[in-house]
Amino acid sequence: MTEKAVFGAGCFWGVEHAFNQQDGVIEAVSGFMGGEVDNPSYQQVCTGETGHVEVVQVTYDPQQISYAQLLDVFWGVHDPTQLNRQGPDIGEQYRSVVFFNNEEQKQQAEASKQALVASGRYPRQVVTTIEPAGDFYRAEEYHQHYYEKMGWK
């Protein structure tokens, strides 16, 4: 049996790549969530006017990797203190967010965020939001496995 998790941590290319490297991850897919337009294109999302976030939907085997371990990967691949940006990418579509699919994921995400804050790892406020998942829209095919397509490691 597999489960799904959805994370927004800036540009989805590197995030997707990081999750695809994890044992127990069946597939990580780049896409969009949280907006007001059905099946948006990348160009529409880039305008910042659709309300969508670039996300990665992770299908995983909970017998091989836990949701808590996925959260650890999420925290490690981006700076959760940057509001509506990651590195050179600026806009609400790059915000830090965990979209939960059920109450258990919500509770684990909140506990994980609290533990991160309590750790003192970041001197600034962690701005990551934890929100209910909505419709997931797969990004265009050229975005999938982008790191591999470009020959990046």
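Caption draft 1: Quick peek at the sheet that holds strand E2 (residues 25-33). A sheet is described by the order of its strands in space; here six strands give the open sequence E7-E6-E1-E3-E2-E8, paired in mixed fashion. Only two strands of the sheet have a single neighbouring strand rather than two, namely strand E7 (129-132) and strand E8 (137-138). One ladder, built from two bridges, connects E2 with E8; its direction is antiparallel. Directly across from Phe 32, in E8, lies its bridge partner Tyr 137. Here helix H1 (residues 12-20) sits on the sheet in contact with strand E1 (3-9), E2 and strand E3 (53-60), set at roughly 160° to E2.

Caption draft 2: The arrangement of the packing of helix H3 (residues 67-76) against helix H4 (residues 103-119) in detail. Orientation of H3 relative to H4, taken along the N-to-C sense of each, is 45°, at an axis distance of 10 Å. Our classification of the angle between H3 and H4 gives oblique. When the axes of H3 and H4 are compared, the crossing they make is right-handed. For the pair formed by H3 and H4, the contact residues are Tyr 67, Ala 68, Leu 71 and Trp 75 on the first element and Gln 105, Gln 108, Ala 109, Ser 112, Lys 113 and Leu 116 on the second. Of the residues that constitute the contact of H3 with H4, the class distribution is six nonpolar, three polar and one charged.

Caption draft 3: Highlighting the environment of Gln 107. Topologically, Gln 107 is positioned in helix H4. C-alpha of Gln 107 to C-alpha of Ile 130: the two residues are 23 residues apart in sequence and 9.7 Å apart in space.

Caption draft 4: Representation of the pairing of strand E6 (residues 96-100) in the model. Burial of E6 is extensive: five of the five residues sit out of reach of the surface. When E1 meets E6, the two strands line up antiparallel, connected through four bridges. Paired with Phe 7 across the strands is Val 98, a residue of E6. One ladder, built from four bridges, connects E6 with E7; its direction is parallel. Looking at the pairing, Phe 99 lines up with Glu 131 of E7. Regarding the hand of the β-α-β motif, the stretch spanning E6, H4 and E7 is right-handed.

Cut-offs and rules
Residues numbered from 1 in each chain as written. Predicted model: local features only at pLDDT ≥ 70, side-chain atom pairs only at ≥ 80, totals over all residues. Heavy atoms only, no water. Pairing = 2+ DSSP bridges. Helix = DSSP H or I, 4+ residues; strand = E, 2+ residues; numbered from the N terminus. Contact = heavy atoms within 4.5 Å. Axes fitted to C-alpha atoms, helices over the stretch in contact; angles between N-to-C directions. Parallel < 35°, antiparallel > 145°, perpendicular 65-115°, else oblique. Left-handed = near helix turned anticlockwise from the far one by under 90°. Nonpolar A, V, L, I, M, F, W, Y, C, P; charged D, E, K, R; others polar. Buried < 20%, exposed > 50% of the residue type's maximum accessible area, 1.4 Å probe, protein only. Right-handed = clockwise from strand over helix to strand, strands pointing away.

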